[in-house]
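Per-entry structural report
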Amino acid sequence: MDYLLPPEYTQTLRILHNQAPSSSLSDVNKVIKQDLNCDKDELFAEFGDTPIGAASLAQVYKARLKNGEVVAVKVQHLTVRAHSYVDIKTMEVLVKIAAWIFPDFKLLWLAEEMKKNLPQELDFIQEGHNAEKMSEIMKTYKWLKV
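How each quantity is defined
- By convention here, each chain's residues receive numbers from 1 onward along its written sequence.
- Local features in this predicted model are restricted to residues whose pLDDT is 70 or higher, and side-chain atom pairs enter the listing and the counts only when it is 80 or higher, whereas totals over whole chains, interfaces and linings include all residues.
- Each side-chain value is derived from all of the structure's non-hydrogen atoms; neither hydrogens nor water enter the calculation.
- Strands here are runs of E lasting at least two residues and helices are runs of H or I lasting at least four, both read from the DSSP assignment and numbered beginning at the N terminus.
- Values of the radius of gyration come from C-alpha atoms, whereas the globule rule sets the reference at 2.2 Å times the count of residues to the power 0.38.
- Only protein chains enter the accessibility calculation, which uses a 1.4 Å probe. A residue is then buried if its area is under 20% of the maximum for its type, exposed if over 50%, and partly exposed in between.
- When charges are counted, neither His nor the chain ends are considered; positive counts come from Lys and Arg and negative counts from Asp and Glu.
- Here the site of a charge means NZ on Lys, CZ on Arg, CG on Asp, or CD on Glu.
- One speaks of a salt bridge when a side-chain nitrogen belonging to Lys or Arg is within 4 Å of a carboxyl oxygen belonging to Asp or Glu.
- One fewer than the residue count of a helix, multiplied by 1.5 Å, yields its expected span.
- Between N or O atoms, a polar contact is any pair within 3.5 Å; within protein, one atom must be a potential hydrogen donor and the other a potential acceptor, and residues adjacent in sequence are included only when both atoms are from side chains.
- Residue types Ala, Val, Leu, Ile, Met, Phe, Trp, Tyr and Cys, when buried and joined through side-chain atoms within 4.5 Å, form a set referred to as a nonpolar core.
- By definition, residues are in contact when any of their heavy atoms lie within 4.5 Å.
- Angular values range over 0 to 180 degrees, each being the angle between N-to-C directions of two axes fitted as lines to C-alpha atoms, with helices fitted over their stretch in contact.
- Each angle receives one of four descriptions, namely roughly parallel if under 35 degrees, roughly antiparallel if over 145, roughly perpendicular if within 65 to 115, and oblique otherwise.
- Three categories are distinguished: nonpolar for Ala, Val, Leu, Ile, Met, Phe, Trp, Tyr, Cys and Pro, charged for Asp, Glu, Lys and Arg, and polar for the others, with Gly belonging to the last.
- Note on aromatic pairs: the rings of Phe, Tyr and Trp (six-membered ring only in Trp) are paired at centre separations within 6.5 Å, and the planes decide the class, stacked below 30 degrees, edge-to-face beyond 60, tilted for the rest.

Examining the overall build of the protein chain
Counting its regular elements, the protein chain contains seven helices and four strands. Counting from the amino terminus, the protein chain carries its helices and strands in the arrangement α-α-α-α-β-β-β-β-α-α-α. Relative to the 2.2 N^0.38 estimate, which gives 15 Å for 146 residues, the radius of gyration of the protein chain is 19 Å and therefore markedly larger than a compact globule would have. A principal-axis box enclosing the C-alpha atoms of the protein chain has dimensions of 60 × 40 × 25 Å. Within the span of the protein chain, comprising 146 residues, buried residues form 21% of the whole. When the 18 basic and 20 acidic side-chain charges of the protein chain are each reduced to a single mean position, those positions are 3 Å apart.

Description of the pattern of salt bridges
All chains considered together, the criterion is met by 10 salt bridges. Residue K33 pairs with D39 through a salt bridge whose shortest N-O separation is 3.7 Å. You can call D39 partly exposed: its relative accessible area is 37%. By sharing partners, the salt bridges in this structure join K89, E92, E112 and K115 into a single network.

Details of helix α7 (residues 124-137)
Relative to the 20 Å expected for 14 residues at 1.5 Å per residue, α7 spans 20 Å between its end C-alpha atoms, a close match to the ideal helical length. Between a side-chain oxygen at the N-terminus of α7 and the backbone nitrogen of I125 the separation is 3.1 Å; the capping residue is D123.

Thoughts on the nonpolar core
Within the largest apolar cluster, nine residues are counted, these being V28, V31, I32, F44, F47, Y61, A63, V73 and V75. At the level of secondary structure, the elements contributing two or more residues to this core comprise α3 (25-36), β1 (44-47), β3 (58-65) and β4 (70-76). At three residues, the largest contribution of residues to this core is made by α3. Apart from residues lying up to four places away in sequence, V73 is in contact with F44, F47, Q59, V60, Y61 and A63.

Here we look at unusual backbone geometry
The backbone phi angle of N37 is positive, close to 60°, even though this residue is not glycine. Residue placement: N37 occurs in the loop between α3 and α4 (40-43).

Focus on the packing of helix α5 (residues 80-101) against helix α6 (residues 108-121)
Where α5 contacts α6, the two axes come as close as 8 Å, and the packing angle between them is 170°. By the angle between their axes, α5 is roughly antiparallel relative to α6. Contacts between α5 and α6 involve S84, D87, I88, M91, E92, V95, K96 and A99 from the former and L108, L110, A111, E112, M114, K115, L118 and P119 from the latter. Tallied by class, residues from the contact of α5 with α6 come to 10 nonpolar, one polar and five charged.

Some points on the packing of aromatic side chains
Considering all chains together, one arrives at three aromatic pairs under this definition. Ring geometry for Y141 versus W143: centroids 5.9 Å apart, planes at 70°, classification edge-to-face. Through successive ring pairs, a cluster of aromatic residues spans F44, F47 and Y61.

Shown next, in the form of structure tokens:
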């Protein structure tokens, strides 16, 4: 975001990228149940109690599959998907009002970018496919695990 917005905005919003609050384990269990139609105990032999990372859209847990493989599990925050539509519409309205009040305000494109990119950011299936593609592309680098 540093290349899109002035430093005053990016410094204030930085907490959403690397210091975001984490969801409760109860919420994490609800998301897994909603998205995968099963309890996490059916999928994992072990699942961490606290996230190893949290950001504005999701958090990551260390887990162990039933076959013993250790994995990172990215779980979207419970309300992110529902709030994203409202966020997009709010951004559109605010940017249009600002452009109407301040004709030199040239950030209408920002709302369009958010409308296009936020649904992609929330699509973890697509993210998984992208990771698989990168794994294939980077397979010759033995020191790199994707």
